[in-house]
Amino acid sequence: MPRALLAALLCGAASAAPPPPPVDPASQEHHVGKVIFVELVTPDLAAAKQFYAGLFGWSFSDSRPGTTGFAEASLDGRPVAALVQKKMRGDEKKQPAWLTFIAVRDVDAAQKTALLHGARLLSAAHDVADRGREAVLADPQGAVFAVLASSRGDPPDVLAAPGEWIWSSLFAGDADADAAFYQTLFDYEVFDLPADGSTEHLILASDDYARASANAMPATAAHGHSHWLNYVRVDDAAQVTARVVALGGRVLVAPRVDRHGGRVAVVADPQGAPFGLLEWSDAQTRQVAP
């Protein structure tokens, strides 16, 4: 999504309700560079809830007094996402999207560093009750992301269960340059993996854990601009992809075997928000060897 359009969506949705904390109950853990939360901005909250409940078994809470157009998603009692409704006019060409929140210790310092290295500010650093402090930025190549210093700590480094977010990938026109930007911002270690065909693939790691990847934009990419894409762990990507279609979503990239041996797919919900599906066995690990 072009950064200006997502910024408009975010500003319009901000008054609906404060988002939920990324972890409940609170923890004492802090993992700078870890993707700790995602948030969907959508024009049809009811339809989005129905879709994700049917697809992943998420349950939703709308119990914030005096608020509308907002839902907290959970799986087996654990928070997994927030959904915020923002109506769009018929002539607007705005695509719903999932926003990626990355952990920092100091949002103001991260915001300053990002701006000094070519980022653009979409939503300035601000406090959110029961959540912490956050800011929304677009990196130098236009990919939109958020930084969050959680007042309740960060989720622990444990393997995501099926139906939970397991991975995040950055797609950029210049993967090396964008990886360098995020390395400056989050002090990542960057590992250059052998190219998969003609696609560059860099791993961004912190605390000896792989946090995300930075990838060269495929020539056949549906989105011609840099963007973050978040993946949900599934047991069978082909089966879940078929369920996406049955529930009214679309397939953007059909299931295929990735470099780790499991299958991966990219889909979109009925309103058009893209996300990934990733198979991952319990025997695999995202820990990086020292």
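Residues numbered from 1 in each chain as written. Predicted model: local features only at pLDDT ≥ 70, side-chain atom pairs only at ≥ 80, totals over all residues. Heavy atoms only, no water.

**Student:** Mind laying out the overall build of the protein, listing which residues take part and the relevant values?
**Tutor:** Within the protein one finds five helices and 16 strands. Within the span of the protein, comprising 290 residues, buried residues form 51% of the whole. Expressed as a percentage of contacts within the protein between residues at least 6 apart in sequence, the contacts between residues at least 24 apart total 65%. (Helix = DSSP H or I, 4+ residues; strand = E, 2+ residues; numbered from the N terminus. Buried < 20%, exposed > 50% of the residue type's maximum accessible area, 1.4 Å probe, protein only. Contact = heavy atoms within 4.5 Å.)

**Student:** Please give an account of helix α5 (residues 237–246) that cites residues and values.
**Tutor:** Taken together, the buried positions of α5 are Ala237, Val240, Thr241 and Val244. Burial along α5 is one-sided: seen end-on, the buried residues are contained in an arc of 105°. Exposed side of α5, more than 90 degrees from the buried face: Gln239 and Ala246 are the residues found there. Buried positions along α5 lie against α2 (45–56), β13 (227–234), β14 (250–257), β15 (263–268) and β16 (274–279). Sitting at the head of α5, Asp236 places a side-chain oxygen 3.1 Å from the backbone nitrogen of Ala238. (Arc of directions from axis to C-beta. Polar contact = N/O pair within 3.5 Å; in protein donor to acceptor, adjacent residues only side chain to side chain.)

**Student:** With reference to specific residues and values, describe the pattern of salt bridges.
**Tutor:** Between side chains of opposite charge, pairing is possible as soon as their charged atoms come close. Applying the stated rule across the entire model yields eight salt bridges. Across the salt bridge formed by Asp207 and Arg211, the nearest N and O atoms sit 3.3 Å from each other. The partly exposed category is assigned to Asp207, whose relative accessible area is 47%. Through salt bridges with shared partners, one network takes in Lys34, Asp157, Asp207 and Arg211. (Salt bridge = Lys/Arg side-chain N within 4 Å of Asp/Glu carboxyl O.)

**Student:** Give me the pairing of strand β1 (residues 35–42): which residues, what numbers.
**Tutor:** Side-chain positions along a regular strand alternate between the two faces of the sheet. Extensive coverage of β1 is indicated by the burial of eight of its eight residues. Summarising the sheet, β1 and strand β5 (residues 97–103) pair through six bridges and their orientation is antiparallel. Bridged to Val38 within β5 is Thr100. As judged from the four bridges shared by β1 and strand β4 (residues 78–85), these two strands associate in the parallel manner. Paired with Thr42 across the two strands is Gln85, which belongs to β4. (Pairing = 2+ DSSP bridges.)

**Student:** Give me the sheet that holds strand β7 (residues 132–138): which residues, what numbers.
**Tutor:** Pairing within the open sheet is mixed, and its eight strands lie in the order β2-β3-β4-β1-β5-β8-β7-β6. Taken across any chain shown, the strands that pair with only one partner, and hence form the sheet edges, are β2 (59–61) and β6 (120–128). Adjacent strand axes in the sheet meet at a mean angle of 25°, parallel and antiparallel pairs treated alike. Against the sheet, α2 makes contact with β1, β2, β3 (70–75), β4 and β5, and its axis sits at roughly 155° relative to β4, the strand it touches most. (Axes fitted to C-alpha atoms, helices over the stretch in contact; angles between N-to-C directions.)

**Student:** Lay out the packing of helix α3 (residues 107–116) against helix α4 (residues 175–186) in plain terms, naming residues and giving numbers.
**Tutor:** Interaxial distance between α3 and α4 falls to 9 Å at its minimum, and their mutual angle equals 150°. With respect to their mutual orientation, α3 and α4 come out roughly antiparallel. Where α3 crosses over α4, the handedness of that crossing is right-handed. Contacts from Ala110, Thr113 and Ala114 in α3 reach Phe181, Thr184 and Leu185 in α4. In the contact of α3 with α4, the residues fall into four nonpolar, two polar and no charged. (Parallel < 35°, antiparallel > 145°, perpendicular 65-115°, else oblique. Left-handed = near helix turned anticlockwise from the far one by under 90°. Nonpolar A, V, L, I, M, F, W, Y, C, P; charged D, E, K, R; others polar.)

**Student:** Please provide a residue-by-residue account of the packing of aromatic side chains, values included.
**Tutor:** Evaluated as defined, the whole model comprises 18 aromatic pairs. Ring plane angle 75° and centroid distance 6.3 Å describe the contact between Phe145 and Phe181, whose orientation is recorded as edge-to-face. Here Phe145 is found in strand β8 (residues 144–150), whereas its partner Phe181 is found in helix α4, with 36 residues between them in sequence. Here the two residues Phe145 and Phe181 agree in accessibility, since each one is buried. With a centroid separation of 5.4 Å and an interplanar angle of 90°, the aromatic rings of Tyr182 and Trp228 are classed as edge-to-face. One end of the pair, Tyr182, is in helix α4; the other, Trp228, is in strand β13, with 46 residues separating them in the sequence. Judged on exposure class, the residue Tyr182 and its partner Trp228 are both buried. Through successive ring pairs, a cluster of aromatic residues spans Phe51, Tyr52, Phe56, Trp58, Trp98, Trp165 and Phe275. Above the ring of Phe101, the side-chain terminus of Arg131 is found at 4.9 Å from the ring centroid. (Phe/Tyr/Trp six-rings, centres within 6.5 Å; stacked < 30°, edge-to-face > 60°. Lys NZ or Arg CZ within 6 Å of the ring centre and 35° of its normal.)

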